[in-house]
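# Analysis of the macromolecular model
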Amino acid sequence: NNSASADDKAVKLWVDNKAYKPIVKQFTKDTGIKVDFKIGQSADAQADLKKDPSAAADVFMFPHDQLGQMVQAGLIYQNTKYEKSIKKDQTDSAVQGASYKGKMYGYPYGVETQVLYYNKEKLSADDIKSWASLTEKGKLTTNFAGDGANYKYVPLFMSNGDYLYGENGEKVKGTNFNNDKGMQVLKWIAQQKDNNGVIQSTDAASLNKMSNGKADAYLSGPWDKVTLKKEMGDKLGVAKYPTVNFGDGDKQMKTFLGVKLFGVNAQTDKALNAMKLANYLSSNKVQKQVFDKLGYVPSSKSVQASGDVQKDDVAAAVTEMAKPENSVIMPKLPQMVTFWGPSDALINDAYKGKLTSDTEMQSKLDKLVKQSTKSEK
Amino acid sequence: MQTQKLSVREALKVGDWRMKLSAIIMGTSQLLHGQILKGLWFLAVEISFFTWFFARGIKSLQSLITLGTHKQGFVFDKKLGINVLHQGDNSMLLLLFGVATILVVVIFFYQYWVNLKSARKLQELDLYHKSIPTLKEDLSALLDSKLHILLMSVPVAGVVAFTILPLIYMISIAFTNYDHNHLPPKNLFSWVGFENLGNVLGGDVASTFFPLLGWTIVWAIMATVTSFLFGVLLAMLINAKGIKGKKVYRTLFILTMAVPQFITLLIMNNLLNDSGMVNTMLMNWHVISHPLPFLTDGTWAKVTVIIVNMWIGIPATMLVTTGILQNLNQDQIEAAEIDGANKFQIFRDLTFPQILFVMAPSLIQQFIGNINNFNVIFLLTGGGPMNSDYYNAGDTDLLVTWLYKLTIDAADYNLASVIGILIFTLSAVFSLFAYKRVNKMNNLG
Amino acid sequence: MAEIKLEHIKKQYQNASEPSVADYNLDIHDKEFIVFVGPSGSGKSTVLRMIAGLEEITDGTFTIDGEVMNEVAPKDREIAMVFQNYALYPHMTVFDNIGYSLKLKKTPKTEIEERVHQAAKILGIEPYLERKPADLSGGQRQRVAMGRAIVRDAKILLMDEPLSNLDAKLRVQMRAEITKIHKRMGATTIYVTHDQTEAMTLADRIVIIDHGDIQQIGTPNELYNEPTNTFVAGFIGSPAMNLLEVEYYDGMLVSDEGFSVTLPQGISKQLTDKGYEDKKIVFGIRPEDLHLDPIAMETYVGGKFTTQVEISELLGADVMLYTKIGNSEIVVRGKGSDYVAPGTAIQVAANLSKAHYFDAVTTNRII
Amino acid sequence: MAEIKLEHIKKQYQNASEPSVADYNLDIHDKEFIVFVGPSGSGKSTVLRMIAGLEEITDGTFTIDGEVMNEVAPKDREIAMVFQNYALYPHMTVFDNIGYSLKLKKTPKTEIEERVHQAAKILGIEPYLERKPADLSGGQRQRVAMGRAIVRDAKILLMDEPLSNLDAKLRVQMRAEITKIHKRMGATTIYVTHDQTEAMTLADRIVIIDHGDIQQIGTPNELYNEPTNTFVAGFIGSPAMNLLEVEYYDGMLVSDEGFSVTLPQGISKQLTDKGYEDKKIVFGIRPEDLHLDPIAMETYVGGKFTTQVEISELLGADVMLYTKIGNSEIVVRGKGSDYVAPGTAIQVAANLSKAHYFDAVTTNRII
Amino acid sequence: MKNKNKRTRMIVYTILTLLAVVWVLPIIWIVLTSFRSEGGMFVDYFIPHHFTLDNYKMLFTNSTYPFGRWFMNTLIVAVVSATLSTFITVVMAYSLSRLKFRWRGRFLQGALVLNMFPGFMSMIAIYYILKAIGLTQSLVALILVYVAGAALGFYVQKGFFDTIPISLDESAMLDGATKWDIFRTITLPLSKPIIVYTTLMAFTGPWMDFIFARVIMGDNIQNYTVAIGLYTMMTRESANSLFMAFAAGSVLIAVPIIILFIALQRFFVEGMTSGAVKG
Ligand SMILES: Nc1ncnc2c1ncn2[C@@H]1O[C@H](COP(=O)(O)OP(=O)(O)OP(=O)(O)O)[C@@H](O)[C@H]1O
Ligand SMILES: Nc1ncnc2c1ncn2[C@@H]1O[C@H](COP(=O)(O)OP(=O)(O)OP(=O)(O)O)[C@@H](O)[C@H]1O
Ligand SMILES: [Mg+2]
Ligand SMILES: [Mg+2]
């Protein structure tokens, strides 16, 4: 079953959008490799693969933070064949996202960050430079107290100079949120409860508030662009994150950077064809096509720099945010699973005012660090 | 003409050669007594079992002990220019099929026993010179004295395949180190005994386990009792004498059962949001000035899930209760009226006990179901709001939803299985106790 | 005080073609013991259930002590009732079944205990107090049903065949108990039975019903001695009164089948006066007014006739002779010593002054 | 052919402290009509249910025509049964209820029609064939239950108080029908009743049960005239035999309460011979063997005694005098003309040669 | 007296109506949402500003979400599994309520216990069992799993059977009925309400289950049921824009179930054709 030359068999592909269909057709035309095209959710890739690798796709999309577990469970094929060209074409962050412990596995085809959406009629470009002026002049709708606060606000710690799993996100013992800087951040979060410019809302409700003018600013990803554009039209402004002041000066507020990857199933019996397809789908040409059709922000240096991308305000904002000074690559260590839940809880509780004393905050931070950095047995 | 029953053991001792041969070659006795079809069946069972056993079964049992020895690995293939996968053993599948093999063996021995018993019966009939049942008689017995066999064997087979087998498999996992460090197919996992149990009960997981256990029990009781009580009340209201449009009301309530839970719960989530419609409306009417934290405050959220669960659970109870109400013995109710009972007393002393009697088993089941009520919590709050005192759990998380997070996110299947077993033991003890009580109450005509 | 008045009461079940009770009129005095008798399906239970409030009254007025009760809920009527089918509460013990009404009235526990035990003792079901109804025999269940009614001090007591499942001895005993209970409680009582003896011994007045119509109301003696029509005549008395269709003619009663007796002058004069000469009438005579002994033959010469014995039943002290003249059956009740083998023809003397005479068309009594 | 044999049959309900039936032995011949009588709760229904196969036999052997049936399924016993509580199928019409067993046997439709109608006609329930059981009166339901049993040509017919809810007239009629049905079907029949008359008139032999024990088996006459013990004596006959505990002494029977009679020589000799001189015995005399008329006073001189009337019941032709000597009750049955007002003391003459004499300890009959 | 009755009746009507509103509002909200053209998942008003049928159209034209196909799949699964499940549940309930056999008590307890292990934990095992018999990703597999589950869900039904007087069975036995005849001709006709209930429950299951079905179907979108289909619409990226289509899908799911409920209510209402007769 490890003969990689079964050319006649179709390569099974999972992508999350049928816009890929003509692209894949072209691929088949060019190479003669048949592709079994299936729609599936990239976020479910890991679970579906884990469930039954032999029945899963040969090539699949997935967000890079699942890479750690996939490697750990032996689900994903190492990318040796196209490593070089990828390193050459793609941004450094994308390459980093596709690699784990020094080896490359993924085929990056896009990046994703959060950006700031705002109402141009209410807020000027200056107003949105800092969190303080933003929330003074306008109202920011966000979700400190619910699910997803971790995704949005954990990078605050890194904005203030802390590390999550070390500098490159691969060091189990590398989290240091429980230092003074971390305390500063946590206290800052707690203060937001009394900030009249911050409205607590779920994401769905935030969109609605933006549309009907009850809120003026909103932190979210490119996927909300379509809705907001439809509702707000020209009023919609997109920008990079503001700065925040945790007590000792303005610092750039950071966001998580996600890299979108194609992967090849380790159990595939048509490895070469699969790799070829994965590589094709992450090629510059396809990235450009996909950007045109779907607005996925590309991870290729050249495509990012192209005029079309830069003309698009969201894409421009994302590429800006994707720069290392504005974002942190989301760690892909399997241990992340032990971090997500507790960090969400911590931010929620801090915002809701449940952590009443400094010592409590400190002990909660200690606990978070301890729980999420337990080394492997 | 008193007949003495022979036990199988005695029959083997005193029986003739046909009986004795049956112990080795199944079906002999039946064949030689003219029960051809029955005999052939037993014979076929034996032959196919042993063929399979020597071909596959033995190996499967061996693998069950080791749970695999070959790890998967990659070898560089010069021709292709890439590393190529060498399949290893998959511990998970070995475990699953090992368990299945054991079940097959058990079933075979059961068949073997049936074969012996049937041979014994033939022996006995011989002894008292009675006629051997013909195929037709055997078949017609299936419609009468052995009807339970006819009716139940297919469902029970389903239960064995789709409930018992997975269950044993799941329980077995608790004794392995199947966690995020030993994920198949790349890694093998192996038996570790009771280590995991210690980890759950002693480790830092415990500080989350016990509070969640507490809430799970509170939730299960509240969810079951409220749905039941109010469901019965609603049924009483709708079915009250002189109320017109019973059918319309009933239909309105039943509507909720027609919409999938994941939809209604999503909508509930929407409506009860901090800035959801309920809060918006209350604020517009100036009933409140700040949004009520239906889902964002721990205590509020707990109450909310119970109430929303009522919204889901009451119509079902109402429906069953209506059925029961209409079948209640009218005479007894008349007698009670004459005895001077008012409507409420009739309800309390007659209607309710009888509804309870009919529903008691299902209530126990609902209670267990609520302990494991994944849907409502998962879809409505997702366990939230998160609680920083817990390990990866929120205020409304039940043990199961927590378990789900542990498996899906953390892939610590062994821990999950231990917790599963704990929940299971707890529920089993409770329900067997409750079941005994119900049975006691059972002896009314 | 509990005077019951039924005026033009009617009951039509929805799915029945005819009314089950039609134009029922009855006054029951306070503390009276009324017995309803009538064939199966004649509407006895229906009337009872209407009085209890379990069945809606289709038409008419029902009052207790002058108050219209048609619409009052059963529980507010202060009525106790023994159901024909027991209607015990299956999930309660016998004790709880009997004590239920008391518990509802918040009677103190000790008093409930006491009263239930007392009732149970009267009914001989003390050993079963802790059992559930399902574990009792038929008769035991029926006594529990009785118990439930008698522990209450209701103003009105309704009983629907409360003794039908008891053996003769227990029945006699129970009958005596019911009399006592009635005396003690002083409840106005309506009692449905199909047992002659019960009706005769218990009733202040008996109401005879047929097809939902009252045929006659009267004391047991009245009914027995002066039945208003052939239905009552045939219904009361066991074995039933012999009824023969005959022609009255020249002071004699004659049937085509060979029956013929000569009436005493007083009677024949009355019949003639009422214009029955040459007309058909129904002649009724009770089995005990037919005699076999020689002395009677002398005494009741005019009443002598011959009949063919078909069956003789020896019942302890009595013998019952089922005889036939043509197709008409005539039952004779004699002493044990009068036993006659089936098949023989015998001479019977009728005490004609005790006989009854009915109009053949209206079936009403003439004399 | 259907001969039933019960040998050492025992029944112990799980939740009962004593066996409900203890050591029951009975041979029933083919085509015999056996009646079970006994007090409520004595185990009659239980035995019936064991025969039908509805209740497991705890111990003993039950055979039909020599074949052990203990373990045979009810449906294979070819037994028809009328249930004490009817057990009608509520969802079927009366017609379907009656025809159900025939349908199961795949009888042709037309034949079912015919047989059901025939049965319904016998039972007088033809008009209700299309109704559901809930819409019937108690007696109608009972007749449907009967109908269900009689349409089948079963070898054995069991009936548990099948007439208890019918009125006297219908009962007499039904009794006659049952006799006819029995003759026609030729089924071995066991019939449970608490009605004396039914037992006496229907039975070939009567089985008297008390507390799960057979007290006596015999023809009606045997039971009436030669009861084996005081239980049977007291149970058979209505009103029951008077039983007085007395001392036998010097040819006389004397009680502390003032009762005293002189025995005829034949009897006193027997008593003396059997060693009862100066011992307690139970003296039994039926109400109808106590006489009030002057002639009897002359005839039965030795049997004269005085007693106090407490209640007089006039029952049609008869009068029933409930009298007392001290605390012992003595019932006298007289003619209607013998009516005496309560409170008077009367002289009664007992026909001592018809009296019964029982051992006071074993309660068994001496003479 | 009459007045008092009237007043209590009015109170009952009021309560019922209020409750009905509470119960029905969310449903109406879904229906309205399914016709809404503006906004996304979340709006803070009740009645849409603009009505449209596009959401429904989208369901039947978008090839990513072959809703029509899913609908038929679900209908097939629901009908077949409801039929089989009802049969199995009723048969199990009857056996355990009425038939006497050796391991009956044990079986009842065992069945109770078996239902207690968290179901989702066995999903993977079941997936592999289905795979071993070559059935994954097919509708048959779904049906099989649902029907197998029915074998242990007999408690309500058993409770119901327990209340049918045993003397009816006895009487039928003597009439010559086999146990099977009794089941067919006595017990079943008397159990209409509970059978209807069982069928309804079994029928609704496949319309609602999204976790299990998803595991079994994997990437075979053609064989999805509506529930999986709808659930997969609700991803982070698409939830907001597809929400109205999602609501439209929900309405479409609800319709057959509601029709069935209304149609079968009669049987519930009828109850047993008449009460038990004496005893
Ligand atoms: N619910 C009903 N629907 C239709 N007809 C009914 C209903 N109940 C009783 N009947 C009919 O009404 C008539 C009177 O019934 P009722 O029960 O009063 O008789 P009963 O005198 O008590 O008879 P029994 O002595 O047999 O109990 C009968 O013909 C019966 O069939
Ligand atoms: N299921 C049971 N469990 C326990 N005891 C029972 C059960 N059924 C009957 N008994 C008891 O067994 C005894 C005999 O009952 P059975 O029903 O045979 O009486 P019966 O002679 O038919 O009385 P009746 O004339 O009142 O119907 C009674 O004392 C009764 O209480
Ligand atoms: Mg009646
Ligand atoms: Mg009985």
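Residues numbered from 1 in each chain as written. Chains lettered and ligands numbered in written order. Predicted model: local features only at pLDDT ≥ 70, side-chain atom pairs only at ≥ 80, totals over all residues. Heavy atoms only, no water.

## Topic: the pattern of salt bridges
Residues and elements named next belong to chain A. How we decide: Definition used for salt bridges: Asp or Glu carboxyl oxygen within 4 Å of a side-chain nitrogen of Lys or Arg. The numbering of helices and of strands both runs from the N terminus, where a helix is a DSSP run of H or I of at least 4 residues and a strand a run of E of at least 2. Summary of the burial criterion: residues with accessible area below 20% of their type's maximum are buried, those above 50% are exposed, and those between are partly exposed, where the area comes from a 1.4 Å probe applied to protein chains only.
A full pass over the atoms with the stated rule returns 52 salt bridges over all chains. Taking the shortest distance from any N to any O, the salt bridge between aspartate 127 and lysine 137 comes out at 3.2 Å. Here lysine 137 lies in helix α6 (residues 131-137) and aspartate 127 lies in the loop between β7 (115-119) and α6, a separation of 10 residues in the sequence. Among the residues examined, lysine 137 registers a relative accessible area of 53% and is labelled exposed. A single network of salt bridges, built from pairs that share partners, joins Lys288, Asp292, Asp308 and Lys311.

## Points about the packing of aromatic side chains
Keep this limit in mind: Aromatic pairs are defined between Phe, Tyr and Trp rings, using the six-membered ring for Trp, whenever the two ring centres lie within 6.5 Å; interplanar angles under 30 degrees are classed as stacked, those over 60 as edge-to-face, and all others as tilted. Cation placement over rings: the criterion is NZ of Lys or CZ of Arg within 6 Å of the ring centroid and within 35° of the ring normal.
For the coordinates displayed, the defined rule picks out 69 aromatic pairs over all chains. A ring pair is formed by C:Phe33 and C:Tyr191, whose centres lie 5.7 Å apart and whose planes are at 40 degrees; its orientation type is tilted. In this pair, C:Phe33 sits in strand β3 (residues 33-37) while C:Tyr191 sits in strand β8 (residues 188-192), placing the two residues 158 residues apart along the sequence. In this structure C:Tyr191 comes out as buried when scored by relative accessible area, which is 0%. Feature note: the residues A:Tyr151, A:Phe157, A:Tyr165, A:Phe177, A:Phe256, A:Phe339 and A:Trp340 constitute an aromatic cluster, connected by ring pairs. For the cation-ring pair, C:Arg286 lies above C:Tyr224, with the distance from its terminal atom to the ring centre recorded as 4.0 Å.

## Quick word on a negative patch on the surface
For the record, the criterion: Exposure above 30% relative accessible area and the absence of a salt bridge qualify a residue for a patch, where like charges join within 9 Å and nonpolar side chains (Val, Leu, Ile, Met, Phe, Trp, Tyr) within 5 Å. Areas reported here follow the Shrake-Rupley algorithm with a probe of radius 1.4 Å; residue values treat only the protein chains shown as occluding. Residues scored as charged are limited to Lys and Arg (positive) and Asp and Glu (negative), so that His and the chain ends carry no count. We put the charge of a Lys on NZ, of an Arg on CZ, of an Asp on CG and of a Glu on CD.
Side chains of C:Glu247, C:Asp250, C:Asp256, C:Glu257, C:Glu277 and C:Asp278 sit close together on the surface and give a patch of like negative charge. Positionally, C:Asp250 belongs in the loop between β11 (242-249) and β12 (252-254).

## Brief notes about the confidence of the model for chain E
Residue and element names in this part refer to chain E. Here is the rule: Residue-level confidence of the predictor is what pLDDT reports, using numbers from 0 through 100. Any two residues whose heavy atoms approach within 4.5 Å are treated as being in contact.
Per-chain confidence: chain E averages 82 in pLDDT, with 94% of residues scoring 70 or above. In the model of chain E, helix α13 (residues 239-270) stands out as the element of lowest mean pLDDT, 80, in contrast to helix α3 (residues 67-98), which has the highest, 91. Segment residues 272-279 is flagged for pLDDT under 50; beyond a separation of four residues in sequence, or across chains, it makes 30 contacts in the model. Across the whole predicted complex the pTM is 0.81, and at the interface the ipTM reaches 0.79.

## Observations concerning the UniProt feature "domain: ABC transmembrane type-1" (unreviewed entry) in chain B
Our working definition: UniProt positions are given in the numbering used here, feature names are shortened, and annotations may be inferred rather than shown by experiment.
Sequence positions flagged by UniProt for "domain: ABC transmembrane type-1" (unreviewed entry) are, in local numbering, residues 213-434 of chain B. The span residues 213-434 of chain B is 76% helical and 0% strand by assignment, and the distance between its end C-alpha atoms comes to 19 Å.

## So, the packing of helix α7 (residues 147-173) of chain B against α3(E)
Condition: In this analysis, axes come from line fits to C-alpha atoms, helices being fitted only over the stretch in contact, and the angle between any two N-to-C directions falls in the range 0 to 180 degrees. Angles below 35 degrees are treated as roughly parallel, those above 145 as roughly antiparallel, those between 65 and 115 as roughly perpendicular, and all remaining angles as oblique. Rotating anticlockwise by less than a right angle from the far helix to the near helix defines a left-handed crossing, while the corresponding clockwise rotation defines a right-handed one. Under the grouping applied here, Gly and all other residues not named as nonpolar or charged are polar, the nonpolar ones being Ala, Val, Leu, Ile, Met, Phe, Trp, Tyr, Cys and Pro and the charged ones Asp, Glu, Lys and Arg.
One way to put it is that α7(B) packs onto α3(E) with a least axis distance of 9 Å and a crossing angle of 135 degrees. Between α7(B) and α3(E), the angle falls in the class oblique. Helix-helix and strand crossings are classified by hand; for α7(B) and α3(E) the assignment is left-handed. Contacts between α7(B) and α3(E) involve B:Leu147, B:His148, B:Leu151, B:Met152 and B:Pro155 from the former and E:Ile88, E:Val91, E:Met92, E:Tyr94, E:Ser95 and E:Leu96 from the latter. When the residues that make up the contact of α7(B) with α3(E) are grouped by side-chain class, the tally is nine nonpolar, two polar and no charged.

## Points about unusual backbone geometry
Most peptide bonds take the trans configuration, and most residues that are not glycine carry a negative phi. Cis geometry is adopted by the peptide bond preceding B:Pro185, which originates at B:Pro184 and carries an omega value of 5 degrees. Among the secondary structure elements, B:Pro185 is positioned in the loop between α7 and α8 (195-202). One non-glycine residue with positive phi stands out, namely C:Asp65, at about 50 degrees. Relative to the elements of secondary structure, C:Asp65 occurs in the loop between β4 (59-64) and β5 (67-68). One non-glycine residue with positive phi stands out, namely C:Asp250, at about 60 degrees.

## Quick notes on helix α15 (residues 343-371) of chain B
Residue and element names in this part refer to chain B. Definition in use: To estimate how far a helix should extend, the number of its residues minus one is multiplied by 1.5 Å. Throughout, bend refers to the angle between the axes fitted to the seven residues that end at a position and the seven residues that start at it. Two N or O atoms form a polar contact when they lie within 3.5 Å of each other; inside protein one atom must be a possible hydrogen donor and the other a possible acceptor, and for residues adjacent in sequence the pair counts only when both atoms belong to side chains.
End to end, α15 covers just 34 Å across 29 residues, shorter than the expected 42 Å (1.5 Å per residue, more than 12% under). Approximately 55 degrees is the largest bend angle found in α15, and it occurs at methionine 359, with the proline proline 361 only one to four residues beyond. In terms of residue burial, α15 counts as a mostly covered element, since 22 of its 29 residues are buried. At the N-terminal boundary of α15, the capping side chain belongs to asparagine 342, with an oxygen 3.1 Å from the backbone nitrogen of phenylalanine 344.

## Re the site of ligand 1
Applied cut-off: Nearness of a residue to a molecule or strand requires only that one of the residue's heavy atoms be within 4 Å of it.
Close to ligand 1 lie 19 residues; C:Ser20, C:Ser45, C:Thr46, D:Arg131 and D:Gly139 are nearest. At the site occupied by ligand 1, the surrounding residues belong to chains C and D. In this structure, an oxygen atom belonging to ligand 1 sits 2.8 Å away from a main-chain N or O atom of C:Gly41. In the environment of ligand 1, an oxygen atom lies 2.8 Å from a nitrogen or oxygen atom belonging to the side chain of D:Gln140. In isolation ligand 1 has 640 Å² of accessible area, and contact with the protein removes 90% of it. Looking at the shell around ligand 1, the elements that each hand over two or more residues are α1 (44-52) of chain C together with α4 (138-150) of chain D.

## Section: the site of ligand 2
Around ligand 2 sit 19 residues, and of these C:Arg131, C:Ser137, C:Gly139, D:Ser45 and D:Thr46 come closest. Near ligand 2, residues from chains C and D are present, making the site a shared one. A distance of 3.3 Å separates an oxygen atom of ligand 2 from a polar atom in the backbone of D:Ser42. Surface burial for ligand 2 is 90%, taken as the share of its 640 Å² of free accessible area covered by protein chains. Mapped by element, the contributors of at least two residues to the shell around ligand 2 are α4 (138-150) of chain C together with α1 (44-52) of chain D. The residue makeup of the shell around ligand 2, split by class, is two nonpolar, 13 polar and four charged.

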